[in-house]
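Listed below, chain by chain, are the residues.
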Number of protein chains: 2
Amino acid sequence: MPYSQEHKEKTRKKILNSARELFSKRGFDSVTVNEIMEACSLTRGAFYTHFSGKSNLYSEALKYSAMNSELTKKKPKNISSKQWLSQLLDAYLSVEHVRGEEPCPLAFLATDIVSRDKAAKDAYAEAYKKMNEIIMDYAGVDATCKEENIISLTSMIIGAVAISRTIDDRRSVENILQSCRQQTRLILGEI
Amino acid sequence: MPYSQEHKEKTRKKILNSARELFSKRGFDSVTVNEIMEACSLTRGAFYTHFSGKSNLYSEALKYSAMNSELTKKKPKNISSKQWLSQLLDAYLSVEHVRGEEPCPLAFLATDIVSRDKAAKDAYAEAYKKMNEIIMDYAGVDATCKEENIISLTSMIIGAVAISRTIDDRRSVENILQSCRQQTRLILGEI
DNA sequence: TTCTTTATATGATAAAGATCATATATAAAG
DNA sequence: CTTTATATATGATCTTTATCATATAAAGAA
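Residues numbered from 1 in each chain as written. Chains lettered and ligands numbered in written order. Predicted model: local features only at pLDDT ≥ 70, side-chain atom pairs only at ≥ 80, totals over all residues. Heavy atoms only, no water.

K.L.:
Explain the overall build of chain A residue by residue, including any values.
P.N.:
The number of helices and strands found in chain A is ten helices and zero strands. The helix and strand sequence of chain A, counted from the amino end, reads α-α-α-α-α-α-α-α-α-α. Referenced to the eigenvectors of the C-alpha coordinate spread, the extents of chain A come out at roughly 60 × 40 × 30 Å. In chain A, which comprises 191 residues, the proportion classed as buried is 52%. Long-range pairs, those at least 24 residues apart, make up 66% of the contacts in chain A between residues at least 6 apart in sequence. For chain A, the accessible area works out to roughly 9,400 Å², and carbon and sulfur atoms hold 50% of it. The average position of the 28 basic charges and that of the 25 acidic charges among the side chains of chain A differ by 3 Å. (Helix = DSSP H or I, 4+ residues; strand = E, 2+ residues; numbered from the N terminus. Buried < 20%, exposed > 50% of the residue type's maximum accessible area, 1.4 Å probe, protein only. Contact = heavy atoms within 4.5 Å. Areas by Shrake-Rupley, 256 points an atom, 1.4 Å probe, with all protein chains shown as cover. Lys, Arg positive; Asp, Glu negative; His and termini not counted. Charge placed at Lys NZ, Arg CZ, Asp CG, Glu CD.)

K.L.:
Which residues make up the relation of the copies chain B and chain A, and what values do they have?
P.N.:
In this structure, two copies of a chain are linked by a rotation about an axis accompanied by a shift along it. The two copies are related by a screw motion: chain B maps onto chain A through a turn of 180 degrees and a shift of 0.0 Å along the axis, at an RMSD of 0.0 Å. The transformation just described matches what one would write down for a two-fold rotation axis. Mapped onto chain A, 100% of the interface residues of chain B again fall at the interface, so both copies present the same surface. (Least-squares fit on C-alpha atoms with pLDDT ≥ 70 in both.)

K.L.:
Before we move on, could you go through helix α8 (residues 118-139) of chain B and cite the residues and values that matter?
P.N.:
Over its 22 residues, α8 of chain B extends 31 Å from the first C-alpha to the last, a length consistent with the 32 Å expected when each residue adds 1.5 Å. The secondary structure elements touched by the buried residues of α8 of chain B are α9 (147-166) and α10 (170-187) of chain A together with α4 (54-67), α5 (81-92), α7 (105-108) and α9 (147-166) of chain B. At the C-terminal side of α8 of chain B, glycine 140 of chain B shows a positive phi close to 65 degrees. (Expected span 1.5 Å × (residues − 1).)

K.L.:
Can you explain the packing of aromatic side chains? Please cite residues and give values.
P.N.:
Counting across every chain of the model gives ten aromatic pairs over all chains. Between the aromatic rings of phenylalanine 23 of chain A and tyrosine 58 of chain A, the centroid separation amounts to 5.0 Å while the plane-to-plane angle is 70 degrees, which identifies the pairing as edge-to-face. In this pair, phenylalanine 23 of chain A is assigned in helix α1 (residues 5-30) and tyrosine 58 of chain A in helix α4 (residues 54-67), connecting sequence segments 35 residues apart. The class of phenylalanine 23 of chain A is buried, set by a relative accessible area of 2%. Look at tyrosine 58 of chain A and you get buried, because its relative accessible area is 2%. Summarising the aromatic geometry, the rings of phenylalanine 28 of chain B and tyrosine 58 of chain B are spaced 5.3 Å apart at their centres and angled 85 degrees between planes, so their arrangement reads as edge-to-face. Remark: tyrosine 58 of chain B occurs in helix α4 and phenylalanine 28 of chain B occurs in helix α1 (residues 5-30); sequence separation between them is 30 residues. Here phenylalanine 28 of chain B and tyrosine 58 of chain B have matching classes, each one buried. A network of ring pairs unites the aromatic residues Phe23, Phe28 and Tyr58 of chain A as a single cluster. Directly above the aromatic system of tyrosine 58 of chain A lies the positively charged group of arginine 116 of chain A, at a separation of 6.0 Å from the ring centroid. (Phe/Tyr/Trp six-rings, centres within 6.5 Å; stacked < 30°, edge-to-face > 60°. Lys NZ or Arg CZ within 6 Å of the ring centre and 35° of its normal.)

K.L.:
Account for the side chain of histidine 97 of chain B, with residues named and values stated.
P.N.:
Here histidine 97 of chain B lies in helix α6 (residues 95-99). Apart from residues lying up to four places away in sequence, histidine 97 of chain B is in contact with Ala91, Tyr92, Glu102, Pro103, Cys104, Phe108 and Val161 of chain B.

K.L.:
Account for the interface of chain B and chain A, naming residues and giving values.
P.N.:
Taken residue by residue, the interface counts 41 residues in chain B and 41 residues in chain A. Of the roughly 3,000 Å² buried at the junction of chain B and chain A (both faces included), carbon and sulfur atoms supply 60%. When the buried surface of chain B facing chain A is broken down by residue, Thr111, Ile163 and Thr166 of chain B rank first, second and third, together holding 20% of it. For the interface between chain B and chain A, the tally reads zero salt bridges. Applying the counting rule to chain B against chain A returns seven residue pairs in polar contact (both at pLDDT 80 or more). Elements with a minimum of two residues in the side of chain B that touches chain A: α1, α7, α8, α9 and α10 (170-187) of chain B. Looking at the side of chain B that touches chain A element by element, the count peaks at 15 residues for α9 of chain B. Taken together, the residues of the side of chain B that touches chain A break down into 18 nonpolar, 13 polar and ten charged. (Buried area = accessible area lost by both parts, 1.4 Å probe. Salt bridge = Lys/Arg side-chain N within 4 Å of Asp/Glu carboxyl O. Polar contact = N/O pair within 3.5 Å; in protein donor to acceptor, adjacent residues only side chain to side chain. Nonpolar A, V, L, I, M, F, W, Y, C, P; charged D, E, K, R; others polar.)

K.L.:
Lay out the pattern of salt bridges in plain terms, naming residues and giving numbers.
P.N.:
For the structure shown, the criterion picks out 24 salt bridges over all chains. Residue arginine 26 of chain A is joined to glutamate 35 of chain A by a salt bridge in which the shortest nitrogen-to-oxygen separation is 2.9 Å. The partly exposed category is assigned to glutamate 35 of chain A, whose relative accessible area is 26%. Between glutamate 21 of chain B and lysine 25 of chain B there is a salt bridge; the shortest N-O distance is 2.9 Å. In this pair, glutamate 21 of chain B and lysine 25 of chain B are both assigned in helix α1, four residues apart and thus about one turn of the helix distant.

K.L.:
Just give me the short version of the domain arrangement of chain A, but keep the residues and values in it.
P.N.:
Residues and elements named next belong to chain A. Its domain assignment divides chain A into domain 1 (5-61) and domain 2 (69-187). Placing a centre on the C-alpha atoms of domain 1 and another on those of domain 2 gives a separation of 25 Å. Between domain 1 and domain 2, the contact holds eleven residues from the first and 15 residues from the second. Interface area, domain 1 with domain 2, both sides summed: about 1,000 Å², of which 49% is carbon and sulfur. Of all residues in domain 1, Ser24, Lys25 and Tyr58 bury the most surface against domain 2, accounting for 50% of the area lost on that side. At the boundary of domain 1 with domain 2, the tally comes to three salt bridges. There are five residue pairs in polar contact (both at pLDDT 80 or more) connecting domain 1 and domain 2. Those elements giving two or more residues to the side of domain 1 that touches domain 2 turn out to be α1 and α4. Among the elements that take part in the side of domain 1 that touches domain 2, α1 stands out by supplying eight residues, more than any other. Of the residues belonging to the side of domain 1 that touches domain 2, the class tally is three nonpolar, four polar and four charged. (Domains from an automatic or database assignment.)

Now the structure itself:
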């Protein structure tokens, strides 16, 4: 048995990582398999021993992305849940996120998903659910009571990031993000 | 001079209308020129006397869409600005909008725009600005003072519609839309 | 009716890109 | 060191689709 199992795993993850970034930034159609493979210094031939095809890679990359998202990081013990949540939301609503290499596919792929296959939609729905749960946990709402607030919050932050990406003018982007950061405080009842 | 000028204008509008609907629903790449033309009972050959190419059609359709959007409809005289705004927002945050034939490209194409050309981005930015202005007008805020509230409001409704389209389960969609309808009232200070 | 202009249709071209078939290289096992 | 399974690379194929070139048809003008 040539090539250790770990080697294959590593390669798979390199592919997933390139795919995650490229797909998130440019959507399914604009990215080519070749391009993804070259981004991790491989050629397209190697691709098919790791994934059954492009769409398969897309949904796997989505899962992978959700699994390694910023939101899933553990809270440091020395700060409160609400403080931590504030930090997470500010990072989400930042220019660095909008323009950076760790894009949240929920925002970056919001409209791309609609034309994709069931596996991709399922992965997206799962990630969306998870985001709401994580935020609800940190916000510490009483179950049913204020779930709606969290749902409107996630719609807002996802919308804000998606819109920000369409806009070239940096000042406008700052303005959108700042407005929404402020609104998160209002929704969470911290002002 | 064969074919009246109005005939050409009519055809152009038919094409724009098919394009608007198809592009909004499925994005730039998934839609073919052929498909758009067949949707208005023409063949692809006729296309190039009306538009210089597919990307040109895309940006033109975006402008056309913004120009004929629900939001631009005139307010009936017998109701207040705030009442009218409430109606507009409820219609925007409805299943009919999410699943219907009059999609708002701001929500439906939020992430598709990123990979498009400058003309498309400009058209999108223009439509976005207009949406904010219209809502600000109806909400009657004092210029700079609460502009941020409106910006967070538009982020939320655009985000909500975009997310709703990714979700198959009708009950979940209703839940998202209802939560955001409620939040619009809070943001506009009506509760 | 005939002529002429231009919208529309049809057939051809060419490029892009996903996937497959085949060749090569690598490293573990003996 | 040799063998061998499998990861990777290369070349070929096939489909899709935008766009172009050319033909046809429609309708206003004479």
